[in-house]
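# Notes for the structure review
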Amino acid sequence: MLRAWSADRVRSAERDLMAGLEEGELMARAAQGLAEVCSARLHQRGGTRVVVLAGPGNNGADALYAAAHLADEGFACVAVQGDWPLAVGEPAAWLAAGVPVLSGDDDWATPLSEADLVLDGVLGIGGRPGLPAEAVAWVDAVPPDAYVVAVDLPSGQDPAGEQAQDGGVYADETVTFAVAKPVHVLPATESAVGRLTVVDIGLELEGPADVERLDFADVADLWPVPHASDDKYSRGVLGVVAGGEDYTGAPVLCCTAAVGAGLGMLRYVGTPAPTGLVRAAVPEVVIGDGRVQAWVVGPGLDTTSRARGSKAQLDVARAALASDLPVLVDAGGLDLVKGRREAPTLLTPHAGELARLLSRLDPDAGETTREQVTGAPLAHARRAASLTGATVLLKGATTLVVPPEGTVRSQADAPAWTATAGAGDVLAGVCGALLAAGLSPLDAGSLGALVHGVAADRANPGGPVRALALAHAVPGTVAHLLTR
Ligand SMILES: NC(=O)C1=CN([C@@H]2O[C@H](COP(=O)(O)OP(=O)(O)OC[C@H]3O[C@@H](n4cnc5c(N)ncnc54)[C@H](O)[C@@H]3O)[C@@H](O)[C@H]2O)[C@@H](O)CC1
Ligand SMILES: Nc1ncnc2c1ncn2[C@@H]1O[C@H](COP(=O)(O)OP(=O)(O)O)[C@@H](O)[C@H]1O
Ligand SMILES: [K+]
C-alpha cells in the first residue's frame, strides 16, 4: 500500500527528527538522494546538461545542493533564480560549487533551451497553487525533449492535491522525500507528477495516512477467497437492479463482471427486454427478487420510464435502498438517493453525476457544475459523503474512494482506453460482488477499482478495450493478482 501524508504532518515529523540532527542534515540527505536519481537518469538517457529552476524556499535549496553534487560528478549545471534571496547560500557560493546562478536579467533562455535535464525546484510543500510570475516564463521555455525532474512536487500544483491548476510544471518524474504527499496521488494533481520516486531521508510517519493507494500485494490480503466449507450462499448473493427497455446493455455488462468477480449467486431484477438479454448472456443469473447480501442499484436504470415492468423494478430498487443491506448506487440509481442512509452504501458517480447529485441534495449551495467537480474532486466527493453518510467513489483517470470520515483511497490503475461506454457498469458489478462478500464500501470500492483498471489493461495491453472485453478479463485478472 502506498501511503501519502499531508504537508503539515510531514513538517511536524520533520521538526521532531531535526531536533536530534545537525542543522542542514535532512536537506543534505534529500539533495544527495535527488542527485543520485538525476545522475542515474542522465546516464540512462545520455545527457550532460542540467538547468535548475530555483525558487525562494527550501525546495530551491534542495535543487541547488543536488546540482552541486551533479557538478562534482562532471555534469554541466546552471541555475536560474528570480528576484528573491535564496533560502540557503549565495550565488557566489553556488558558483564556487560549480553551479552559476543566473538572474532573470541574464540569458537563462539559451542554457535552458539546451538542457538535457531540468530540475524543477521552484516550489515544494510550502507552495501555494500557481507559479511565481518569473517562473511562468521559465516553465514555458522548458524544451519538450528535456527530462523534467520535479523536486518534491511539480511546482505550481496544489501540495494538498485538492485544486486542479492551469499551468504549473508537468514533470516526467517527481522525486519526493520520505513519503508521498497528497499531490502525488489525488486526481486534481496526479497527472502532473509523472513517475514518482520516494527518497529515504530517515523520516518515518506513523498513524493513519491522509491518502492510501492499494497495490497488487493488497489484493491477496483483501480479496474474498472461498474456503472448502463455503457454499454459494455463504459466499454472498448479490442483487442487481439495472437496465430498462432503453438501456439493455448495462445489466449484461454489470452481471457479467459481477459473476466473473466470483459471486456465490446473482439475482437480476429488470424489465422484459434486458431480462431476456441477461438470461441469454449470463446463464448463471437467477431472475427476480429474492434474498441477497447486497444490492447494486442503477446501471442503465431509467427512473422516469413508464415501460412495462418499470414500476415493479423501481419498487425493488426503492426497497433495496430502504433496507439495512449494503447497496452500491450507480448511474440512474443516484436519482433515487434522497439523503442519509445508515447501512453501508457506496455511491459510484462520474464527475457529471456527482455534480447533479450535489445540486439536488444541497440546493442551498446553488448548482454544482461538472467543471467545479473536476476542479476540486476531493472536496466535492467529501461533501457528497457527508450529505449521504455513504462512501463516494468518484470515477476518472484517478478514481477517488471517499468515506464519510477517515483516510481516503485513490486508485490509478486503468489505461485511458478505459474511458469507454459501459466500463462503469463493469465497475459496478465488480464492486457489488465485493460488497456481497462482506467487504466495507471503502475496501470494495478501492479493490474493485484496482482490479477493474488492471483488467482493462489485460483485456488488450496497449490498445483499445471495449467494456465487454473488460468484463470478461475480470476472472483472469483476479487469478493473476492472487497467484503472482
Ligand atoms: N523541512 C525540511 O526539513 C525539509 C524540506 N525539504 C524541502 O523543503 C521544501 C519546503 O520548503 P519551504 O517550506 O521553504 O517551501 P517552498 O520551497 O515550497 O517555498 C515557499 C516559499 O515560496 C513562496 N511561495 C509559495 N507559493 C508561492 C507562489 N504561488 N508564488 C510565489 N511565491 C510563492 C512562499 O512565500 C515561501 O517564501 C520541501 O518541498 C522540500 O523540497 C527537504 O529538504 C527535506 C527536508
Ligand atoms: N482517462 C481515463 N483513464 C483511465 N480510466 C478512466 C478514464 N476516464 C474514465 N475512466 C474509467 O472508465 C470508467 C467509466 O465509467 P462511466 O463514466 O460510468 O461510464 P459508463 O457509464 O459508460 O459505464 C470508470 O471506471 C472510470 O474510472
Ligand atoms: K518543485
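Labelled according to an unreviewed UniProt entry, the protein appears under the name ADP-dependent (S)-NAD(P)H-hydrate dehydratase, originating from Pedococcus ginsenosidimutans. Under Subunit (unreviewed entry), UniProt gives the following word-for-word description of the protein: "Homotetramer."

Our next topic: the overall build of the protein. Of regular secondary structure, the protein possesses 18 helices and 18 strands. Here the C-alpha atoms of the protein give a radius of gyration of 26 Å, agreeing with the 23 Å that 2.2 N^0.38 yields for 484 residues. With the C-alpha coordinates of the protein rotated into their principal frame, the extents come out at 80 × 50 × 45 Å. The buried share of the protein, taken over its 484 residues, is 52%.

Membership of the largest hydrophobic core comes to 159 residues, with the highest contact counts inside it found for A67, L119 and A258. For this core, the two domains that each supply at least three residues are domain 1 (2-212) and domain 2 (216-483). With near-sequence residues (within four places) excluded, A258 lies in contact with L238, V240, L263, L266, G429, V430, G432 and A433.

A few words now on the packing of helix α10 (residues 249-260) against helix α11 (residues 272-281). Two elements in contact, α10 and α11, have axes whose closest approach is 9 Å; the angle formed by their N-to-C orientations is 35 degrees. At the point where α10 passes α11, the crossing takes the right-handed sense. Contact residues: α10 offers P251, V252, C255 and T256, while α11 offers P274, L277, V278 and A281. Of the residues assigned to the contact of α10 with α11, the class counts are seven nonpolar, one polar and no charged.

For the rest of this paragraph, the subject is the UniProt feature "binding site: AMP" (unreviewed entry) in the protein. Those places that UniProt annotates as "binding site: AMP" (unreviewed entry) correspond, in this numbering, to K395, G396, A397, T398, T399 and G424. These annotated residues cover 30 residues of sequence, but their C-alpha atoms sit close together, with the largest distance between any two at 13.7 Å. Counting through the fold element by element, K395 comes out in the loop between β16 (391-394) and β17 (399-402). We classify K395 as buried; it has 23 C-beta atoms within 10 Å. Not counting residues up to four positions away in its chain, the partners in contact with K395 are T348, H350 and G424. Mapped onto the elements of the fold, T398 is located in the loop between β16 and β17. T398 sits in the buried class, given 22 other C-beta atoms within 10 Å.

What follows covers the domain arrangement of the protein. The domains assigned to the protein are domain 1 (2-212) and domain 2 (216-483). Using C-alpha coordinates to define each centre, domain 1 is positioned 40 Å away from domain 2. Contacts between the two partners involve 15 residues from domain 1 and, on the opposite side, 16 residues from domain 2. Of the residues contributing to the side of domain 1 that touches domain 2, the split by class is eight nonpolar, three polar and four charged.

Note: α-helices contain 3.6 residues per turn, so residues at a spacing of three or four share the same orientation. For helix α12 (residues 310-322), built from 13 residues, the straight-helix expectation of 18 Å at 1.5 Å per residue is met to within 8% by its first-to-last C-alpha distance of 18 Å. Taken together, the buried positions of α12 are occupied by Q313, L314, A317, A320 and L321. All buried residues of α12 project into a common sector of 115 degrees when viewed along the axis, lining one side. Of the exposed residues in α12, those oriented more than 90 degrees away from the buried face are K311, A312 and A322. Packed against the buried residues of α12 are β10 (237-241), β11 (265-269), β13 (294-297) and β14 (327-329).

Reading the values: rules and limits
- Residues numbered from 1 in each chain as written.
- Chains lettered and ligands numbered in written order.
- Predicted model: local features only at pLDDT ≥ 70, side-chain atom pairs only at ≥ 80, totals over all residues.
- UniProt positions renumbered as here; feature names shortened; annotations may be inferred.
- Helix = DSSP H or I, 4+ residues; strand = E, 2+ residues; numbered from the N terminus.
- Rg over C-alpha atoms; globule rule 2.2 N^0.38 Å.
- Buried ≥ 20, exposed ≤ 12 C-beta atoms within 10 Å, placed from the backbone.
- Core = buried A, V, L, I, M, F, W, Y, C linked by C-beta atoms within 7 Å.
- Domains from an automatic or database assignment.
- Contact = placed C-beta atoms within 7 Å.
- Axes fitted to C-alpha atoms, helices over the stretch in contact; angles between N-to-C directions.
- Left-handed = near helix turned anticlockwise from the far one by under 90°.
- Nonpolar A, V, L, I, M, F, W, Y, C, P; charged D, E, K, R; others polar.
- Expected span 1.5 Å × (residues − 1).
- Arc of directions from axis to C-beta.

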